[in-house]
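# Overview (structure and organization)
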Amino acid sequence: MKTYIAVLKTNAILFWIWVLIIACNRAFDVPSVNTDPEIPVNMTIAGLKGRYQGYGIFQKIYDDITIAGIVTANDRSGNFYKQIVIQDETGAIPVLLDGNNVYTSYPVGRRVFVKLKGMMLGDYGGTIQLGLDSVRDGGYLNLGRVPVVQFDQFIVKGSFGHTVVPRVITPADLSTNIKDPLQSMLVQFEGFQFADRDTSKTYADPEKGVSAVNFTIRNCERQSMVLRNSSYASFASLKVPSGNGAITGIYSIFNATPQLFIRDTGDVQFLQARCGQEARVPLTIAALRHVYQGANRALGRYIVGGTVISDAGSGNIEAGSVILQSGSSGLIVDMGGSHTYHTGDSILLLLSDADSLISDQGALKLKTNAQFEKPVPVATGLIVPPVIKTVAEVHTALSLPPGDAGNIESTLITVTDAWVAPGFFLGSHTLNDGSGTLELYTKEQAAFAAAMIPSGNQSWTGYAGNFNGIKRFYIRNTKDVTGFVPSVPFMLLFSFAGVSDKTGMIDPTPLPAIHHLEVTPFKAVGVSDRSNASGRFSFAGWPTGAINGSDVFSGVEDEGRYYEVTIAPSEGFVMHLFKMLFTLRRSGTGVRQVSVRSSLDHFKENLPVSADNKNVQVVAGRVLQINDASTTDNEGCTVTMGAEFLDLERPVTIRFYGFNSEAAGGTFSIDDVRITGSTR
């Protein structure tokens with residue numbers, strides 16, 4: 001009996017083991033079917049996007065709508081953040097998901113069904129998206145992402161292994177219309193490449209100094225597209241390819257800028273030779289100028305040679321630039337930085353698609369990236385002979401189109417028998433040869449800006465160009481002008497250090513010694529017989545006419561009461577006077593007003609004055625007026641000499657008139673008189 005029971009127990013155990021084995025075998029033996037769920041789809045993606053009303057008009061979806069699409073992009077590489085992009089036969093749309101590694105559930109090629117009721121349509125910079133409600137980020141309204149716990153509520157997983165063939169397009173097929181059917185679709189551009197200057201860079205910033213990096217990629221027809229890569233992408237530190245080929249990605253719009261996002265570097269098949277990898281085409285400067293047809297123009301692989309006729313050493317052209325001439329044609333070349341090329345160097349420019357011809361305020365200019373395509377020096381010390389032109393001929397030639405062979409812009413020319421009014425070279429002047437006028441222009445940075453223009457008719461060598469409708473002429477240095485004699489600058493300082501109440505009406509301080517200049521000491525005329533203070537010229541006895549606390553005056557200058565100093569050039573030299581600076585001071589009842597005159601007009605008119613001092617103002621008639629409450633030194637008083645003080649061969653006397661004193665015993669003092677000028 002016991003044996004029978006044991007047998008039954010054993011058989012029971014064997015039976016249940018057999019059942020379990022059969023059950024396990026069935027689970028493994030029957031694979032899941034790669035099929036889609038039976039969910040009715042009642043709207044296309046294009047139909048859904050067609051319901052969107054416009055930029056920033058977020059719309060909640062209340063209808064029972066279902067769309068379906070194939071996943072074309074996800075967060076696997078990190079270039080798409082917390083989203084998938086799905087596409088059907090009519091269009092594509094991103095779906096925002098608040099989860100990490102969503103690619104594990106929604107790999108590329110999987111069909112998904114999106115139940116839209118309760119979701120929201122919105123846009124980011126013009127790209128329509130699907131999300132859940134809206135959130136405000138500062139002043140911006142963005143779509144919220146679907147939480148992980150609600151993924152299955154809105155997104156139903158379908159079958160795997162579907163292939164979406166990218167649509168081959170060109171930039172011309174794109175628009176910035178928010179309802180462009182290509183928006184968010186998988187597209188492909190053919191024959192594209194990175195710019196020469198970018199081929200040494202990585203896809204993005206692996207150090208994450210910036211969140212994303214934009215590249216402008218182009219095809220050989222110069223059509224361009226913006227490629228945007230996240231610095232958080234797994235391929236951010238990889239170097240971009242230097243070849244040419246096809247690129248695939250998701251097309252989107254951001255604030256009216258079309259841009260492309262790749263999914264990983266497999267989307268970039270730049271395996272072919274770059275545009276124009278054949279030998280550079282030689283061009284003359286004349287032919288290069290002819291390439292410009294009224295609009296800024298990117299260039300290709302050319303080689304252009306010429307001789308430098310002006311460099312940046314003189315400061316009269318922009319830093320990093322040269323003027324290059326070949327034959328009868330010239331061009332401004334902006335190398336974008338410092339360079340070591342000088343007048344007389346013959347160089348070859350190796351141009352690429354990073355270089356361009358532009359109009360810079362009316363002047364044709366070649367912008368070339370010298371740090372990548374360095375000009376090759378061929379020879380030095382060459383001389384380009386200038387062509388003699390009249391001003392009228394220069395006007396006619398500069399009025400021709402930039403590509404016209406007769407346009408002499410940026411070529412070396414000489415205008416003979418022409419004159420310019422005396423003055424400093426700095427700024428704008430009029431060059432006149434009787435046939436017409438040109439603007440002679442010298443930049444502030446030019447080494448000769450403070451030199452004096454020679455008087456009389458001279459020959460002028462330089463180059464001409466257009467500047468905002470003005471015909472300009474530029475010299476390179478003072479050697480370009482016949483008759484130029486260098487000036488020696490000077491600064492006369494009258495400190496009155498020797499003055500005291502016992503020294504009388506003439507300043508006993510030793511006079512400053514200036515080469516080629518003769519100076520008399522300051523003296524006081526018609527006032528008290530001695531200074532009432534030491535270390536400055538301070539006398540009483542000035543015309544009255546002021547009342548304490550009032551700015552109403554009744555007095556005028558007395559032509560018999562003044563301070564004066566006389567300056568003269570040595571025999572055989574000429575003198576230029578530029579400015580005079582001095583310090584004013586009055587006693588409590590002293591003069592309120594001061595004027596300055598010269599012997600050039602026999603002391604008839606007041607000279608132009610200014611004051612960089614809160615206690616001194618300039619009033620009508622070029623008069624310096626001192627505040628009633630001011631009884632201390634007032635620095636910053638200035639007399640500006642005009643053109644009549646240039647090229648002087650005779651002495652000049654300067655007089656200071658004090659008037660409108662509050663009392664006869666009130667004083668007027670001057671100190672630290674500085675006169676600047678030059679002799680030659």
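We now turn to the structure provided with this report. Quantities reported herein were computed from a predicted structural model and do not represent experimental measurements. (Residues numbered from 1 in each chain as written. Predicted model: local features only at pLDDT ≥ 70, side-chain atom pairs only at ≥ 80, totals over all residues. Heavy atoms only, no water.)

### What to know about the pattern of salt bridges
- Within the structure shown, the criterion is met by 27 salt bridges.
- Notably, a salt bridge pairs arginine 111 with aspartate 36, separated by 2.8 Å at the nearest N-O pair. Of the two residues, arginine 111 sits in strand β5 (residues 111-115) while aspartate 36 sits in the loop between α1 (2-29) and α2 (45-50), which places them 75 residues apart along the sequence.
- By relative accessible area, arginine 111 is classed as partly exposed at 23%.
- Judged by its relative accessible area of 27%, aspartate 36 falls in the partly exposed class.
- One salt-bridge network, in which partners are shared between bridges, spans Asp551, Arg586, Arg592, Asp628 and Glu662. (Salt bridge = Lys/Arg side-chain N within 4 Å of Asp/Glu carboxyl O. Helix = DSSP H or I, 4+ residues; strand = E, 2+ residues; numbered from the N terminus. Buried < 20%, exposed > 50% of the residue type's maximum accessible area, 1.4 Å probe, protein only.)

### Considerations on the side chain of serine 352
- Along the polypeptide, serine 352 turns up in the loop between β24 (346-350) and β25 (356-360).
- Of the residues examined, serine 352 reaches a relative accessible area of 1% and is grouped as buried.
- Here aspartate 196 takes part through its side chain, which lies 3.3 Å from a polar atom of the side chain of serine 352. (Polar contact = N/O pair within 3.5 Å; in protein donor to acceptor, adjacent residues only side chain to side chain.)

### Looking at the pairing of strand β46 (residues 667-679)
- Of all 13 residues that make up β46, 10 are buried, and the element is covered over most of its length.
- Across 7 bridges, strand β34 (residues 488-494) lies against β46 in antiparallel orientation. Bridge pairing in β46 links leucine 493 to arginine 674.
- With 10 bridges connecting them, strand β39 (residues 575-586) and β46 associate as antiparallel partners. Note that in β46 the partner of methionine 580 across the bridge is isoleucine 675. (Pairing = 2+ DSSP bridges.)

### Considerations on the nonpolar core
- Grouped together as the largest cluster of nonpolar side chains are 43 residues, with contacts concentrated most on Phe522, Tyr563, Met580, Phe582, Phe656 and Ile670.
- Here this core takes 5 residues from β39, the largest share from any one element.
- The contacts of isoleucine 670, once residues within four sequence positions are left out, are Phe496, Phe522, Arg536, Phe537, Tyr563, Phe582, Thr583, Leu584 and Phe656.
- Membership of the second largest hydrophobic core comes to 33 residues, among which are Val187, Val213, Met225 and Val268. (Core = buried A, V, L, I, M, F, W, Y, C linked by side-chain atoms within 4.5 Å. Contact = heavy atoms within 4.5 Å.)

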